[in-house]
Amino acid sequence: MDLISKERDRLLQRSARVYGLSFTAVSALCFALPGAVPFPVLLLGIPLYLILAAALVAVGLSRSIWWPVVALVAGTGIVLVVGILGATPTPAGSLALIHVAAAGLASLALVLTTSAPRIALLVTGALVGVGTVVFAEIDTPAQALRSGGTVLVGWGLAALITVWINAGVPQVAKRIASIGRAHRAERQASELEAQRRQGARLLHDTVLASLTLLAHSGVGVKPEALRQQAGEDARLLRQLRLGTAPQLAEPTQTGTVPVVTAEEPVLGTTLESVKQRFGRMGLQVSWHGTGQVLLPSEVLDAFLLALAECLENVRRHSGVTEAHVTITDDATMVRALVTDAGVGFDIADIDEAKLGFAESVVGRLREVGGNARLFSAPGSGTTVALEVPRG
Amino acid sequence: MSKTDTIQFSQPDENTLGVVVGNARRAVQSTARRFSRASTAHRASLGTAFLGLGAVIVVGLRAVYGLIWFAAQWEVYPEPFAALAAWIVLAAVLIGAIVMSRVSGDRLPDWMFGLFLAGLAIAFALDVIAVWELRNIGGFATAALTAGMALLVLVALRGRAEILTAAVVLGVALIVVIFLDAPVGALADPDWIAIQVTAIAGAVLPPIIGVVIVESFRRMVQVELDRVLVQSTVSAPRFAVGMLASEELARLDLAAEELLDAVAQQKTKLPLTPKNASVAAQLATELRLHLIEGRRETWLYHAISESEQLGKSVTLSDKSSLAGLLDPTQRDGLLSAAWLLVADVPSAANPRRRGTARTLSIQIGPVVPGSPAVPAHKIAVPITVTSTGIPRNRVDSGVWDAIGRIGRYSDSTQDASLRVDIECIVDNPADQ
């Protein structure tokens, strides 16, 4: 059974419980009024009311068909006790019977429409209710007719409410399903959009570097250089926002703009942009070795991000303004050695995670099948070896 | 100063390179909450218009019944024209409310609700005046009692507290006037009392029951909607970013753009003030986490975090993101089982619901190598579902069907918790 049917059943069960219990309470109140029914009837009736109430509570909690049966038996018992033991019911007693038969028991109709046996029980319950109430009032035919009619109307009303709710559920289920379909399309679109933004990794790399500088209030970097860098990053972000492919450009002095698209898998040109950026921030980067290496774009991204993280660490922690990057490649791997002659550190003293090394360098490289190792000692600079597979 | 000063962030976490997962998770969750809140008002009205129509029919039947009584008692009334006036006011108010509710959609404006209540009060007063001399309000009042039922018309259009308050006020007013109007010795007469009790119950209980039904219906709609929205994760890729990630990323990108632009345009002075610097640090942290962490999460994580119901009661432990390997059928089974096991948890809409809170924890992995019975190119992922607050015999039978779709399982009960171990066979990602 699907979930919404379960939820619907639960709704009907709870409604039946509230409906039934409230009118059973009203009936019990009328029943217990002094003089409403003879004392022996009162004595027998009270336990039956308690059983009926307990069964109605259980109807709210359990889907079993037996609780409605128990409730029906207990409620019918009340009517019969009045009918057999009492003479003609007083008006108060008569009202007590009507409340219990036309509402307290009729509320069970809410849980008796979902299967054939339940519907049979519903019809039986309604007929028995009418029959017993008429029997209890048989001495006053007019009153008997009125009470019987009320019980029938009570069951009819409860059945009508049930049918109405049951008819409402498929409607709303259909609407929810169409909302669900729209949502799935939205999820896919959102996924694509996020991929586009996350895919612009090189761009975000430079943005992050600039933000990191700003987070340190831009101390240690020439304001003009930082402004220039910020302006370029803002321009790239605007391009990304407006939907054009972001381009990492290197504006030259003459104003002509040789562009390098973010997707172009050539290492050399992108390395140059990394170098320029660190140059503006006060770290001279010297390149050695292979300049032109073709890499799949996600590998290139990871490689460059890791490289930039290493250079950022040099800039911030080494205390020197120069770093060397040596790129070598063979048939399967591309490697980079990032070295500085700075203060260095004792690897055992430094929590790697604190440097962001494990996360942003090793993690990224491993994602594309590469790796990174860190070598350093106090006073003798730092070397990081990065490697990624070629394809 | 500059526009950037208006970018508001919570207290920045230091460590622009570090892992501050909790922070980003908080950010995502607060967005999720905003997202679901915005749509709650809309969700609540889904399907209740139809119920409202049913209520209108019931009220119509009750009004016809009351009118027949009224006509039959015309000769008896000391002040028949007061009763007639009461019925005219009541009819006008009811017709007005029904027409307005059909026109204005799913909510009645406050002033109209006030007018409606005022109309009911006038009808009530007129009817009470009409039958006052008979000393048996419960036995002879008609419009005054129908007024209680009339509240049902609004049951889908106003909040439950308003309807309940109105019903209770009406009940108290009835008790007061009945008591004041009681003839000498009536309080010892069971028949007279029973008639008054019947009248009060007939006026007050229907709107209360109506509120219960409509509230339960709304709850059902909400649960179903929550489930259907989350269901779309079943077809998501192995790693997904989730519904809110791109929205969040776009927001961060824009904030970064504005900040950098302000710096470039010299609207923000360098070096930055500590406040602006912390804004930048915060932005960098969140952006980094969204770029790096976002794709690590599986459909199941997104399903649980996006769902109001599951988010409250399910804890997921899936260190190696193995949930992503499940195929759509297995995902559907796991999600259905989770739904069935937690469906009775008290909801935000109805926090007072009784019953012990059910919690569910789903542990996926780790993969134990060398399991013998696994076909080639497949691996066995162990999934353990532990549920508390639900006795074994109260577990819905649908749960076992759903779990059966994930894989072979065995269940055990320890203390008050149910534990199901499932062996889920999935394609080996190394072969793909």
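Just so it is clear, the model here is predicted, and its values are computed rather than measured.

(A) Quick look at the overall build of chain A. In terms of regular secondary structure, chain A is built from 12 helices and 7 strands. Buried residues in chain A amount to 45% of all 391 residues. Across chain A, contacts joining residues at least 24 apart in sequence account for 70% of those joining residues at least 6 apart.

(B) Molecular detail of the overall build of chain B. Each helix and strand in chain B was counted, giving 14 helices and 5 strands. Here chain B, with 432 residues, has 48% of them falling under the buried criterion. Counting only contacts in chain B whose residues sit at least 6 apart along the sequence, the fraction spanning at least 24 positions is 79%.

(C) Looking closely at the interface of chain A and chain B. With 71 residues of chain A in contact, the opposing surface of chain B contributes 63 residues. The dominant element in the side of chain A that touches chain B, judged by the number of residues it contributes, is helix H6 (residues 141-199) of chain A, at 19 residues. Taken together, the residues of the side of chain A that touches chain B break down into 37 nonpolar, 19 polar and 15 charged.

(D) Expanded view of the nonpolar core. In terms of nonpolar packing, the biggest core is built from 237 residues, with Leu108, Phe303 and Leu307 of chain A together with Ala338 of chain B touching the most fellow members. Beyond its immediate chain neighbours, meaning those up to four positions away, Leu108 of chain A contacts Ala16, Gly20, Val59, Pro68, Ala71, Leu72 and Gly125 of chain A.

(E) Summary view of unusual backbone geometry. Residues and elements named next belong to chain B. Positioned with a positive phi, Arg135 is a non-glycine residue whose angle comes to about 60 degrees. Secondary-structure assignment places Arg135 in the loop between helix H4 (110-131) and helix H5 (137-140). The residue Ser321 is not glycine, and still its phi comes out positive at about 55 degrees. Looking at where Ser321 falls in the secondary structure, it is placed in the loop between strand S1 (314-317) and helix H13 (328-342).

(F) The arrangement of the sheet that holds S1 of chain B in detail. Residue and element names in this part refer to chain B. Within the open sheet, the 5 strands sit side by side as S1-S2-S3-S5-S4. Their pairing is mixed. What marks the edges here is a single partner per strand, and that holds for S1 and strand S4 (408-414). Between one strand and the next, the sheet's axes are offset by a mean angle of 15 degrees, whatever the strand orientation. Here S1 pairs with strand S2 (residues 359-364) via 4 bridges, running parallel. Its bridge partner lying in S2, Ser317 is registered against Gln363. With respect to the sheet, helix H14 (residues 397-406) is in contact with strand S3 (378-388), S4 and strand S5 (417-427), its orientation differing from that of S5 by roughly 30 degrees.

(G) Inspection of the packing of helix H2 (residues 48-72) of chain B against helix H8 (residues 190-231) of chain B at higher detail. Residues and elements named next belong to chain B. Where H2 contacts H8, the axes come no closer than 10 Å and their chain directions differ by 160 degrees. Judged by the inter-axis angle, H2 sits roughly antiparallel to H8. Judged by the twist between their axes, the crossing of H2 over H8 is right-handed. From H2, Thr48, Leu51 and Ala55 reach across to H8, where they touch Gly210, Val214, Phe217 and Arg218. Of the residues that constitute the contact of H2 with H8, the class distribution is 4 nonpolar, 2 polar and 1 charged.

(H) Focus on the packing of helix H1 (residues 3-32) of chain A against H8 of chain B. The contact between H1 of chain A and H8 of chain B brings their axes to 9 Å, and the two run at 165 degrees. Overall, the two elements H1 of chain A and H8 of chain B adopt an arrangement that is roughly antiparallel. Note that H1 of chain A runs across H8 of chain B; the crossing there is right-handed.

(I) Region of interest: helix H11 (residues 299-306) of chain B. Summarising burial for H11 of chain B: 7 of the 8 residues are buried, a large majority. All of the buried residues along H11 of chain B are Trp299, Leu300, His302, Ala303, Ile304, Ser305 and Glu306 of chain B.

(J) Local environment of the pairing of S3 of chain B. Residue and element names in this part refer to chain B. Here 6 bridges tie S2 to S3, and the two strands are oriented antiparallel to one another. Counted as the bridge partner of Ser361 is Thr386 from S3. Where S3 meets S5, 11 bridges bridge the pair, whose relative direction is antiparallel. Within the sheet, the bridge partner assigned to Thr384 lies in S5 and is Asp421.

(K) Structural context of helix H4 (residues 91-104) of chain A. Between the first and last C-alpha of H4 of chain A there are 18 Å, a value that for 14 residues agrees with the 20 Å anticipated at 1.5 Å per step. With 13 of 14 residues buried, H4 of chain A is to be regarded as a mostly interior element.

(L) A look at the environment of Val212 of chain B. By the element assignment, Val212 of chain B lies in helix H8. As for Val212 of chain B and Arg160 of chain B, which are separated by 52 residues in sequence, their C-alpha atoms are 8.4 Å apart. Contact partners of Val212 of chain B, with chain neighbours within four places excluded, come to Arg14, Ser15 and Val18 of chain A.

(M) Main features of the sheet that holds strand S4 (residues 322-329) of chain A. Residue and element names in this part refer to chain A. Pairing is mixed across the open sheet formed by 5 strands, whose spatial order is S3-S4-S5-S7-S6. Strands at the two margins of the open sheet, each flanked by one partner only, are strand S3 (284-289) and strand S6 (371-376). Taking each pair of neighbouring strands and ignoring which way they run, the sheet shows an average axis angle of 15 degrees. Relative to strand S5 (residues 333-340), S4 is paired through 6 bridges, and the arrangement is antiparallel. Looking at S5, one finds that Asp329 is bridged to Val334. Packing against the sheet, helix H10 (residues 297-318) makes contact with S3, S4, S5, S6 and strand S7 (382-389), and its axis sits at approximately 175 degrees to S7.

(N) Summary view of the pairing of S7 of chain A. Pairing of S5 of chain A with S7 of chain A involves 8 bridges; the strand directions are antiparallel. Counted as the bridge partner of Val338 of chain A is Val384 of chain A from S7 of chain A.

(O) Representation of the confidence of the model for chain B. Residues and elements named next belong to chain B. Looking at chain B, the pLDDT average stands at 80 and 83% of residues meet or exceed 70. Mean pLDDT values over the elements of chain B span from 44, in helix H1 (residues 21-45), up to 94, in helix H7 (residues 160-181). Here the predicted complex scores 0.69 on pTM and 0.75 on ipTM.

(P) Representation of the confidence of the model for chain A in the model. All names here are of chain A. The predicted model of chain A has a mean per-residue pLDDT of 82, with 87% of residues at 70 or higher. Strand S2 (residues 259-261) is the least confidently modelled element of chain A, averaging 39 in pLDDT, while helix H5 (residues 116-136) averages 94, the highest of any element. Within the model, pLDDT remains below 50 along residues 245-266, and this stretch shows 37 contacts once partners closer than five positions in the same chain are excluded.

(Q) The environment of Leu46 of chain B, seen in detail. Its location among the elements puts Leu46 of chain B in the loop between H1 and H2. By the C-beta count within 10 Å, which is 20 here, Leu46 of chain B ends up buried. Once the C-alpha coordinates of Leu46 of chain B and Leu225 of chain B are considered, the two residues, 179 residues apart in sequence, prove to be 9.8 Å apart. Among residues more than four places away in sequence, those in contact with Leu46 of chain B are Val172 and Arg175 of chain A together with Val221 of chain B.

Thresholds applied
Residues numbered from 1 in each chain as written. Chains lettered and ligands numbered in written order. Predicted model: local features only at pLDDT ≥ 70, side-chain atom pairs only at ≥ 80, totals over all residues. Helix = DSSP H or I, 4+ residues; strand = E, 2+ residues; numbered from the N terminus. Buried ≥ 20, exposed ≤ 12 C-beta atoms within 10 Å, placed from the backbone. Contact = placed C-beta atoms within 7 Å. Nonpolar A, V, L, I, M, F, W, Y, C, P; charged D, E, K, R; others polar. Core = buried A, V, L, I, M, F, W, Y, C linked by C-beta atoms within 7 Å. Pairing = 2+ DSSP bridges. Axes fitted to C-alpha atoms, helices over the stretch in contact; angles between N-to-C directions. Parallel < 35°, antiparallel > 145°, perpendicular 65-115°, else oblique. Left-handed = near helix turned anticlockwise from the far one by under 90°. Expected span 1.5 Å × (residues − 1). pLDDT = per-residue confidence, 0-100.

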